[in-house]
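What follows is each chain in one-letter form.
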Amino acid sequence: MSAADKLRMNELILKSLEEDISGKEFAELNRYLEANPENQAYYRQMINMYVELYEGNEVTTPIEDVVDPVLEEQLWQSLAEYEKNAPVMIVEAKDTPETIKIDKSFLQRPRRQIERKSLYAVIVSLAALVFLLVYIKFVPVREIPEPIATLTDCIDVRWANTAGPMEKGTRMSSSQGSLILTKGVAEFLCDDQTKIILEAPAEFEFLRANQVALNYGRLYAVSQKDSVGFTVDTPGSRIVDLGTEFGVKVDVTGITEVHMIKGKASLTISDRNNVKNDVILTENQARRVHAKEGIFKTLTFRGKEFVREINSDKSLIWRGDPMNLADIVGGGNGFGTGVIGSAIDPRTARRFLLSRVEEWGPYEGPMEYMPVTWHDFIDGVFVPDGQNGPVTISTDGRQFASCPDTCNMFWSGISNGGQLPEPLDAPPEDILFSNVSYGSAGQSGIFMHSNLGITFDLDAIRKACPNVTITEFRAHCGICDNGPGRFPFADFWVLIDGRVCFSRKGVGAGSDHEIALPVSDKDRFLTLATTDGGEEVCLRLEGNIPVPIDSDWCLFAEPYLMLELKQ
Amino acid sequence: MANNQYEKLKYKEFLRLILEHKSRIYGYILRLIPNRAVADDLMQETTLVMWEKFHQFEKGTNFPAWGIQIARFKVLQYRAATKNSPIRFNQDVFNSLASPIESDHYQENQKVQALENCLRKLSKRDHKLIQLRYAEKQKIKNIAINLGWSSGMTYKLMAKIHYILKECIEKRLSISRAVE
């Protein structure tokens, strides 16, 4: 039997003895005992040692006071002394205080129900002393579990050891012991109003309304403004929040990392000699704890390793990253779940894959705003053309008043990057812009050939992430490097609620334009649009019709909404 | 008066025997039902029956074996009443554990002595934990809360301390056997 098995058996035995074992754990103990007689012998010996420790006097004095073992004779003397006084204690019969009154004849009596009861009463009275002596140690102290936190959300979770269902709204108490999250992400609101998010694999335990122990895994904590004192204990260290946000990572060997995202926290460790060492961490600082040595080591801050917001309804997991609008175009949640090369047809607002296109445009625009119904974060799409007056750019009727006249033609859909075969029988190529490939999620971009527009619903995003504020839209834009290269010439537009906040007209190849627009909580829609630039020199179709969209491989590169947690 | 005298003597005798052998009977119950609260109740019931039937006990015969017989009956009753509980040994394991083995008992003086010595060898922290658990009768979960530790960690630590004690006892016993 290995030392690890013995340790595990000991843990299971102790848990069982303390009524703190799950059915699964007891089954594990049963399996150990089934395995071989050696394990059974070990189990018997451990139980006997437990009994000896529990009943014996070996541990009643502090270690420095332990000089000689307690002699059995001493025990007997004290018991005899106790017993000598025993009759006085049980004289409740009020007649003969010096003696124990008992009806001896019960021993010979036939057993009848009523007599048996009264007999028991007498026996119990008589034996009270014995029980007092023998069993006073056995009286269990029952704990009343106090709920101290609530499970507020979870995504794709699997729990290893919970007794009951773990659903939204489940109250957690300190009596539940360690919880093991083997899969997914779970969010809890502690009763001190600190939100914590745990990411699998993790083992943790609620200790108090403002204290959690993390045995391993990743934990993110954000406290209410002006609230301090939320504490995370890890093997060998303690982190006490002094305001706002931090992440703690503990690996299975107990090595702890603390990343201070905002505000301050106190990190304390105790080495093997119980000498304490502490440090105050401030924003963007990180430390690795070496508990055995009692030291901290400075780390590169990696706050984005921690999930800070989840929304199971939207399958949304936020690690502090900005929201990627290209990913949303690809059907994702803005954090990398979208499909690269997935596009939206401005005529139907439906999705399609660039790789399945059988024929490129030009196509004629629908002359109307097309609402998108399959993604909450996208309000709709359109082909901008100001020939007939202002262009509708949202479902609530906001307009792009200064939209230039265009040819109302477009070449393909609005896509989440991807590869373009041009011509269609050529091998597909990545989209290149400023010598960077934008075909992947790593370098994402919204590819929108000229005369396309898309409106994002910022309120829908806020609704999905209620604790997050959108602070800014950032991107850069221009014509891709690897387009046909004939006559690229296009306009780029960014509008917020119909207000033109950014525009670059007549953009040709080889230029890159930064976009950084503040977004307020009142802003509802963000619109990105490209127009054809109205150039005269361009490809002509049959019949000598000019096509000003020719070669306009427009890209909004790295289009991000910058997010911050609300304070 | 004679009756009273008889009862007092009988009571003293019962007290002496139960105090001497209670650990063994209790240990037997606990190994079959490793739940201290339940084992306490069963021990109490066992003792009641033992007192009730003490007149049947023949002086000079094996008191703990007699007590274990009664305890076994109580344990079987409890198992029958909780047959659907997941916290229950299967029948094979139960049968195997239910057979008394004389040699594994810690009340043997040598083992008790070894345990005492091994307790002295513990580090201050480990000894303190053992004290909190066994002298102050605190549950491990409460110890964890009071020390601000997680109960998972505290259980693991307690398991380790018990392992250390067990290994230490075995070592001491093997040395003393070799000396003898």
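Residues numbered from 1 in each chain as written. Chains lettered and ligands numbered in written order. Predicted model: local features only at pLDDT ≥ 70, side-chain atom pairs only at ≥ 80, totals over all residues. Heavy atoms only, no water.

S.K.: How do you make sense of the pattern of salt bridges when you look at a structure like this?
M.R.: Pairing between side chains of opposite charge can happen when their charged atoms approach one another. Residue and element names in this part refer to chain A. Counting across every chain of the model gives 36 salt bridges over all chains. With a closest N to O distance of 2.6 Å, Glu199 and Arg319 form a salt bridge. Pair noted here: Glu199 is in strand E4 (residues 195–208) and Arg319 is in the loop between strand E15 (316–318) and strand E16 (323–324), with a separation of 120 residues, a long-range link. Residue class for Glu199 comes out buried when judged on its relative accessible area of 14%. By relative accessible area, Arg319 is classed as partly exposed at 24%. Across the salt bridge formed by Glu257 and Arg302, the nearest N and O atoms sit 3.0 Å from each other. On the criterion of sequence distance, the pair formed by Glu257 in strand E9 (residues 256–260) and Arg302 in the loop between strand E13 (295–299) and strand E14 (309–311) is long-range, its members being 45 residues apart. Its relative accessible area of 5% is what places Glu257 among the buried residues. A relative accessible area of 29% places Arg302 in the partly exposed class. (Salt bridge = Lys/Arg side-chain N within 4 Å of Asp/Glu carboxyl O. Helix = DSSP H or I, 4+ residues; strand = E, 2+ residues; numbered from the N terminus. Buried < 20%, exposed > 50% of the residue type's maximum accessible area, 1.4 Å probe, protein only.)

S.K.: Please explain the packing of helix H1 (residues 3–17) of chain A against helix H3 (residues 37–55) of chain A as it appears in this structure.
M.R.: How two helices pack is summed up by the angle between their axes together with the distance between the axes. All names here are of chain A. At a minimum axis separation of 11 Å, H1 and H3 run at an interaxial angle of 50°. In this view, H1 runs oblique relative to H3, as classed from their interaxial angle. Relative to H3, the crossing made by H1 is right-handed. On H3, the residues touching Lys6, Met9, Asn10, Ile13, Leu14 and Leu17 of H1 are Asn39, Tyr42, Tyr43, Met46, Ile47 and Tyr50. When the residues that make up the contact of H1 with H3 are grouped by side-chain class, the tally is 9 nonpolar, 2 polar and 1 charged. (Axes fitted to C-alpha atoms, helices over the stretch in contact; angles between N-to-C directions. Parallel < 35°, antiparallel > 145°, perpendicular 65-115°, else oblique. Left-handed = near helix turned anticlockwise from the far one by under 90°. Contact = heavy atoms within 4.5 Å. Nonpolar A, V, L, I, M, F, W, Y, C, P; charged D, E, K, R; others polar.)

S.K.: Explain the state of the cysteines to me, please; I cannot follow it from the model alone.
M.R.: Simply put, disulfide is the name for a covalent bond between the sulfur atoms of two cysteines. All names here are of chain B. Applying the stated criterion across every chain, the model contains 1 disulfide over all chains. Each sulfur in the disulfide pair Cys118 and Cys168 lies 2.0 Å from the other. Torsion about the S-S bond of the Cys118 and Cys168 cystine: about -85°, corresponding to left-handed handedness. On the criterion of sequence distance, the pair formed by Cys118 in helix H5 (residues 109–121) and Cys168 in helix H8 (residues 151–179) is long-range, its members being 50 residues apart. Judged by its relative accessible area of 18%, Cys168 is buried. (Disulfide = S-S within 2.5 Å.)

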